[in-house]
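# Architecture and fold: a report
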Amino acid sequence: MRNVVVERAQPPLLALPRPRPHRAVALAAGLTVTAALIAGCDSVSGIPGDDPAPADTTTATTTTPSTTSTATQAIAPGEPAPGKTTDLPPLPADAPQVGAVPGNADAVLAVRRWAADLQTSTPAELQAACWTIPPRTVTDMYADPQSILAALSQPGTATADTVTWRNRTTTVTVDREAIASGYACGRVFAAGVEPGYDEADARHTVRRYLARATGKPLDPADVEATHPLTCKATLTTWDPQGTGNPTAPPLTSDSGKVGNVTSYTGEELRSDQVRGDYLAVHVPVTTSPGGTRMRTFTVVPTAEGYCIGDVTI
């Protein structure tokens, strides 16, 4: 029997503000969304919760710039174009020190901006700043800021995809996509635990995809050009059913397959295992034309997180 994860009912999504690189700005802006953000638990023990953070019904104010000035093909109808590049605010003078990473000074600067907020921000403010991570996961991972800061004080090491800081008790990883934005939220694990992604991340990937499609992304910066959610065409090992005949992910050649999405029922997101690392994320989606029906998104983990390779319509 397959394990099925079902999320508990929650308020509708809101558009979150951009990651805030300056602590003073983060705290001021975060107060406006604190009451609306969710702090509930995931419905299955052992999987970090992915309660959707509230989304605003008005246009969100951005304080951290987008890193691109041109849009690529949208992954679904309604996805907004990225904004123009602007300068980041200066790093707070009292920002915590972060261990050097050979050949990657940008990683240190981006993580120090997050570490500055980690010292004083509320869980709701951190959820808003770290919108690429499921909100409840943010709360759970950042529950002990001092242990995180202690790990960050150690020298960092880099791979092609991530930068990592660790000590005897804690491991903190940051992906290079976040570093490029200038404000990098870390993922935190106990020492000895292999860093990775879970089903909450898979569901959050689909939530972000559908939020973009309705024209209300979790953050204005959440666009495919800089934060890809669909699997790459170069991934030629796509074979969720184990047929022995792998192909490129179907969604790469039909980015509008899901249709003209007008709404989705985020509180009914659920996931189960297909085969191996492949997961199916199910959610009621309303399209025009077409009405409301259950859509199934097939996802698979990569070094950058879960990507969506197909959708059943």
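Residues numbered from 1 in each chain as written. Predicted model: local features only at pLDDT ≥ 70, side-chain atom pairs only at ≥ 80, totals over all residues. Heavy atoms only, no water.

### Observations regarding the nonpolar core
Ranked by internal contacts, the top residues of the largest apolar core, which has 31 residues, are Val111, Trp114, Cys130, Tyr142, Ile148, Leu152 and Trp165. Taken together, the elements giving at least two residues each to this core come down to helix H2 (105–120), helix H3 (123–129), helix H4 (135–141), helix H5 (145–152), strand E3 (162–166), strand E4 (170–175), helix H6 (176–181) and strand E5 (187–190). Ranked by the residues each element gives to this core, the list is headed by H2, at seven residues. Ranked by size, the runner-up nonpolar core spans 22 residues in total, among them Leu229, Leu279, Val281 and Ile308. (Core = buried A, V, L, I, M, F, W, Y, C linked by side-chain atoms within 4.5 Å. Buried < 20%, exposed > 50% of the residue type's maximum accessible area, 1.4 Å probe, protein only. Helix = DSSP H or I, 4+ residues; strand = E, 2+ residues; numbered from the N terminus.)

### Describing unusual backbone geometry
Geometrically, the link from Ser288 to Pro289 is a cis peptide bond, its omega value of -5° lying close to zero. Tracing the sequence through the fold places Pro289 in the loop between strand E8 (278–287) and strand E9 (291–302).

### Let's talk about the sheet that holds E5
Taken together, four strands build an open sheet; the order of strands is E2-E3-E4-E5 and the sheet is antiparallel. The open sheet has two free edges, formed respectively by strand E2 (157–158) and E5, since each of these has just one partner strand. Pairing geometry for E2 and E3, over two bridges, is antiparallel. Bridge pairing links Thr157 to Thr164 in E3. Each of E3, E4 and E5 is contacted by H5, which is oriented at about 75° to E4, the strand it contacts most. (Pairing = 2+ DSSP bridges. Contact = heavy atoms within 4.5 Å. Axes fitted to C-alpha atoms, helices over the stretch in contact; angles between N-to-C directions.)

### Topic: the packing of aromatic side chains
This model, assessed by the stated rule, comprises three aromatic pairs. Arranged with centres 5.7 Å apart and planes meeting at 65°, the rings of Tyr209 and Phe297 form a pair that is edge-to-face. Separated by 88 residues along the polypeptide, Tyr209 in helix H7 (residues 199–213) and Phe297 in strand E9 bring together distant segments of the chain. Accessibility classification places Tyr209 together with Phe297 in one group, the buried group. (Phe/Tyr/Trp six-rings, centres within 6.5 Å; stacked < 30°, edge-to-face > 60°.)

### Concerning H5
Where H5 is concerned, the buried positions are Ser147, Ile148, Leu149, Ala151 and Leu152. Those residues of H5 that are buried are in contact with H2, H4, E3, E4 and E5.

### Description of the layout of surface pockets
There is about 850 Å³ of room inside the largest pocket. The wall of the largest pocket is formed by 42 residues, among which Asp175, Tyr197, Ala303, Glu304 and Gly305 lie closest to the centre. When residues of the lining of the largest pocket are traced back to their parent elements, those giving at least two are E3, E4, H6, E5, H7 and strand E10 (305–312). Take the lining of the largest pocket: its biggest share by element is four residues, from H7. Along the lines of polarity and charge, the residues of the lining of the largest pocket split into 19 nonpolar, 14 polar and nine charged. (1 Å grid on protein atoms, 1.4 Å probe; cavity = no way out; pocket = protein on both sides within 12 Å on 5 of 7 lines; lining within 4 Å. Points joined across faces, edges and corners; volume = space filled by probe spheres on them. Nonpolar A, V, L, I, M, F, W, Y, C, P; charged D, E, K, R; others polar.)

### Some thoughts on the confidence of the model for the protein chain
On average, the protein chain scores 79 in pLDDT, and the residues at 70 or more come to 72%. A low-confidence stretch, residues 1–6 (pLDDT under 50), is modelled with 22 contacts involving residues beyond four sequence positions or located in other chains. Within the model, pLDDT remains below 50 along residues 8–49, and this stretch shows 146 contacts once partners closer than five positions in the same chain are excluded. (pLDDT = per-residue confidence, 0-100.)

### Focus: the packing of H2 against H5
Running from N to C, H2 and H5 cross one another at 155°; their axes reach a closest spacing of 10 Å. The orientation of H2 relative to H5 falls into the category roughly antiparallel. The element H2 and its partner H5 pack so that their crossing is left-handed. On the side of H2, the interface is formed by Val111, Trp114, Ala115, Leu118 and Gln119, while H5 contributes Pro145, Ile148, Leu149 and Leu152. Its residues assigned to classes, the contact of H2 with H5 comprises eight nonpolar, one polar and no charged. (Parallel < 35°, antiparallel > 145°, perpendicular 65-115°, else oblique. Left-handed = near helix turned anticlockwise from the far one by under 90°.)

### As for the pattern of salt bridges
Pairing between side chains of opposite charge can happen when their charged atoms approach one another. Under the definition given, this model contains eight salt bridges. A salt bridge links Arg136 to Asp140; its shortest N-O distance comes to 3.4 Å. Taken together, the residues span about one helical turn, with Arg136 and Asp140 both in helix H4 at a distance of four residues. Taking the shortest distance from any N to any O, the salt bridge between Lys257 and Asp310 comes out at 2.7 Å. In this pair, Lys257 sits in the loop between H7 and strand E6 (261–264) while Asp310 sits in strand E10, placing the two residues 53 residues apart along the sequence. Asp310 gets classed as buried once you look at its relative accessible area, which sits at 17%. (Salt bridge = Lys/Arg side-chain N within 4 Å of Asp/Glu carboxyl O.)

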